[in-house]
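# Descriptive structure summary
What follows is the residue order along each chain.
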Amino acid sequence: MSVVGAILAAALCGALGILVPRLIASVPEPAEPADDKEPYADIAARPGLVWKSALACAVIGALIGAAVGLEWSLLFLVPLVPVGAALALIDWRTRLLPTRIIAPTYIVLVPLVVIAALASGEPVLLVRAGIGWALMGGLYVLLWLIHPAGMGYGDVRLSGILGIALGYLGVGQLALGAWSAFLLGGLGGVVLVAFKVIDRKHNPFGPWMLIGALLGIVAGPAFTLWMWGDLAS
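Source: prediction; values computed, not measured.

Definitions and cut-offs
- Residues numbered from 1 in each chain as written.
- Predicted model: local features only at pLDDT ≥ 70, side-chain atom pairs only at ≥ 80, totals over all residues.
- Heavy atoms only, no water.
- Helix = DSSP H or I, 4+ residues; strand = E, 2+ residues; numbered from the N terminus.
- Buried < 20%, exposed > 50% of the residue type's maximum accessible area, 1.4 Å probe, protein only.
- Polar contact = N/O pair within 3.5 Å; in protein donor to acceptor, adjacent residues only side chain to side chain.
- Contact = heavy atoms within 4.5 Å.
- Expected span 1.5 Å × (residues − 1).
- Core = buried A, V, L, I, M, F, W, Y, C linked by side-chain atoms within 4.5 Å.
- Salt bridge = Lys/Arg side-chain N within 4 Å of Asp/Glu carboxyl O.
- Axes fitted to C-alpha atoms, helices over the stretch in contact; angles between N-to-C directions.
- Parallel < 35°, antiparallel > 145°, perpendicular 65-115°, else oblique.
- Left-handed = near helix turned anticlockwise from the far one by under 90°.

Relative to the assigned elements, Glu 38 resides in the loop between α2 (20–25) and α3 (40–44). Judged by its relative accessible area of 17%, Glu 38 is buried. Among the polar contacts listed, one links the side chain of Glu 38 to the side chain of Arg 93, at a separation of 2.8 Å. Setting aside chain neighbours within four positions, we find Glu 38 in contact with Ile 43, Arg 46, Arg 93 and Thr 94.

As structure tokens, this is what we get:
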């Protein structure tokens, strides 16, 4: 565990977390929104969202920084934290993952991943990131094609972003991050339905994908050792 990495990532993510309400407010409303859709401006104006976002992002940043240490991967992981926080809140409130946020994230993420890989002296990390994008993105495309009513295409778009980041970090991070999203979404959904927090038919999957990705980053190395032992090295 890297204490310095945790402190640095927490400080950077916390500072960027302040911008989460502004990011949410920048999303235009759909051309034909559902009657019960909460406006993005109302979500952004929720009381205390600025400090809550900053605190949540700081905690997440600390977990990520402690897991990866002072590595070049923080170059793209840190900006993903506030973006993920905004997407999780939007999806939770509206069951939508706006392309207005996801598309620019790809545009920023890919160059940062390239820079991180080259700066670290390991261009092979680009291959791993590409494989992660293909595997995780391909899985979600397949699931969407099989049962489009059970998964929004926003989830498919988000899966590519998470696949790039997790694939770059390693096979354990990718496997655990992808698998745990479905486990957490299933078990968490049952619990939330039981407590009547959500409706059975409206369990937004984006937050579970993001939580699963965080779990993959934090516990991925241990998962790799547990699954493959000495073969992982």
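What follows concerns helix α8 (residues 153–169). A rise of 1.5 Å per residue sets the reference length of α8, with its 17 residues, at 24 Å; its end C-alpha atoms lie 25 Å apart and thus fit the reference within 8%. Looking one or two residues past α8, Gly 170 carries a phi angle of roughly 150 degrees, positive in sign.

This paragraph deals with the side chain of Ser 73. As for its placement among the helices and strands, Ser 73 is situated in the loop between α4 (49–68) and α5 (74–94). Among the residues examined, Ser 73 registers a relative accessible area of 5% and is labelled buried. If we ignore the near neighbours within four places in the chain, the residues touching Ser 73 are Val 68, Ala 116, Tyr 168 and Leu 169.

This part is about the nonpolar core. Ile 24, Phe 76, Leu 77, Leu 87, Tyr 140, Leu 158 and Tyr 168 are the most contacted members of the largest nonpolar core, which has 55 residues in total. If one sorts the elements of this core by residue count, α5 sits on top with ten residues. If sequence neighbours within four positions are ignored, Leu 87 has contacts with Leu 97, Pro 98, Ile 101, Ile 102, Leu 158 and Leu 210.

Under the counting rule described, the total for this entry stands at four salt bridges. When salt bridges with common partners are traced through the structure, they connect Glu 38, Arg 46 and Arg 93 into a single cluster.

Below, the discussion takes up the packing of helix α1 (residues 3–17) against α5. Running from amino to carboxyl end, α1 crosses α5 at an angle of 40 degrees, the nearest separation of the two axes being 8 Å. Considering the angle they form, α1 stands oblique to α5. Once α1 is placed against α5, the crossing between them reads as right-handed. Contacts from Ala 9, Leu 12, Cys 13, Leu 16 and Gly 17 of α1 reach α5 at Leu 74, Val 78, Pro 79, Val 81 and Pro 82.

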